[in-house]
Amino acid sequence: MTDRHAVNWGAALRFASLGSGSKGNATLVSDGETHVLIDCGFGLRDAEKRLARLGLSPRELAAVLVTHEHSDHIRGVGALARRYDLPIYLTTGTWLSRRLGEVPRHRLIVPQVRFAIGGLEIDPVTVPHDAREPVQFCISARQRRLGVLTDLGHPTAHVIQAFDSCDALLLECNHDPRMLAEGPYPTRLKHRVGGNWGHLANGQAHALLRQIGMDRLQRIVCSHLSEQNNRPELAKEALMPLLDGDESRLVIAAQDKGVEWQVVA
């Protein structure tokens, strides 16, 4: 476990993953002074342990941002908010899903309308996904910009435009189409995952990155990999041709350990 007092927050934009996949997702973003959690798909005690591993107490969080109401993103949000009196930021559609339970404070956000928490400027971006009013986030601080882009059915022109100026990107690489087609999921679920309102395939992630452009991207974190329908080496194989052999720019977020702090220099 990381000693939280040893974490050098510094004056930089940084991010980390508590874990990513169908069993739970959560992402930390910090400018060194303001710390926010995007989603919390882990139970309260598990989330506390994962935060501690990254050197942070839930009491130090300024807020929790919610992308949408699916359980692998909100399982622990309500309990965390109630235990530590945290404000929750979410769209009206996500709030009206009534999946969070009672929370002490909530703030309704509007897609495509920027808001700020401390030194973090946050752009909620509408994405195609089978939820009530899903968004993903671009977060700016310290003259740098981070994109958190998961649970995306397909890369629309709107999404590409919103994320084309990022210095780092946490990007969904959910499935390999062949593994999905030949795997154990029932036909209806296969169609949902692989459809335009489901999840991003490795090849779609490649196409999105190619359209965004790679010159500015310091770090790409592959996230939300399906344990049933993907493998880390397949995600890497899909994206490496865009990196000119520089594998150091690419990281895989694991379900159990997530990803340690990444600094956007």
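From a predicted model like this one, the values you see are computed outputs, not experimental measurements. Sequence order as written defines residue numbering, which begins from 1 separately in each chain. Since the coordinates come from a predicted model, pLDDT governs what is reported: local features require at least 70, and pairs of side-chain atoms require 80 or more to be given and counted, while whole-chain, interface and lining totals use all residues. Note: side-chain values were computed over all heavy atoms of the structure, leaving out hydrogens and water.

A word on the overall build of the protein chain
In terms of helices and strands, the protein chain carries nine helices and 14 strands. It is over C-alpha atoms that the radius of gyration is taken, and the globule rule equals 2.2 Å times the number of residues to the power 0.38. In terms of overall size, the protein chain behaves like a compact globule, its C-alpha atoms giving a radius of gyration of 17 Å where 265 residues would be expected to give roughly 18 Å. In what follows, a contact means two residues having at least one pair of non-hydrogen atoms within 4.5 Å. Of the contacts made within the protein chain by residues no fewer than 6 positions apart, 63% connect residues no fewer than 24 positions apart. As presented, the protein chain carries roughly 11300 Å² of accessible surface, and 48% of it is formed by carbon and sulfur atoms. Distance between charge centroids for the protein chain: 5 Å, based on 31 positive and 30 negative side chains. Secondary structure elements are defined from DSSP: runs of H or I of at least 4 residues count as helices, runs of E of at least 2 residues count as strands, and each element is numbered from the N terminus. Calculation of accessible area relied on Shrake-Rupley with a 1.4 Å probe; when residues are assessed, cover is drawn exclusively from the protein chains displayed. Charge convention: Lys and Arg are scored as positive, Asp and Glu as negative, and His as well as the terminal groups of each chain are ignored. Where a charge sits is defined by one atom per residue type, namely NZ (Lys), CZ (Arg), CG (Asp) or CD (Glu).

Considering the sheet that holds strand β1 (residues 13-19)
Between any two strands, pairing holds if DSSP finds at least two bridges. Here we have seven strands laid out as an open sheet, ordered β6-β5-β4-β3-β2-β1-β14, and mixed in their pairing. With one partner strand each, in any of the chains shown, β6 (105-109) and β14 (259-264) form the two edges of the open sheet. Here the strands of the sheet are splayed against their neighbours by 20 degrees on average, with no regard to which way each runs. In this structure, β1 lies alongside β14, joined through four bridges in antiparallel fashion. Along β14, the bridge assignment pairs phenylalanine 15 with glutamine 262. Its contacts with the sheet put helix α1 (residues 44-53) on β1, β2 (26-30), β4 (61-65) and β14, and the angle it makes with β1 is roughly 140 degrees. Across the sheet, helix α3 (residues 77-84) lies against β3 (35-38), β4 and β5 (87-91), angled at about 155 degrees from β4, the strand it touches most. Angles run from 0 to 180 degrees between N-to-C directions of axes, and those axes are lines fitted to C-alpha atoms, restricted for helices to the stretch in contact.

Some points on the pattern of salt bridges
When a carboxyl oxygen of Asp or Glu is within 4 Å of a side-chain nitrogen of Lys or Arg, the pair counts as a salt bridge. With the rule as written, the count across this model stands at 13 salt bridges. Among the salt bridges present, the one from arginine 50 reaches aspartate 46, with a minimum N-O distance of 3.0 Å. With arginine 50 and aspartate 46 both in helix α1 and four residues apart, the pair spans about one turn of that helix. Overall, aspartate 46 belongs to the partly exposed group, its relative accessible area being 31%. Among the salt bridges present, the one from arginine 114 reaches aspartate 123, with a minimum N-O distance of 3.0 Å. Residue burial is assigned from relative accessible area. The probe radius is 1.4 Å, only protein chains are included, and a residue is buried under 20% of its type maximum, exposed over 50%, and partly exposed in between. For arginine 114, a relative accessible area of 46% puts it in the partly exposed group. The structure contains a network of salt bridges with shared partners spanning Arg114, Glu121, Asp123 and Arg145.

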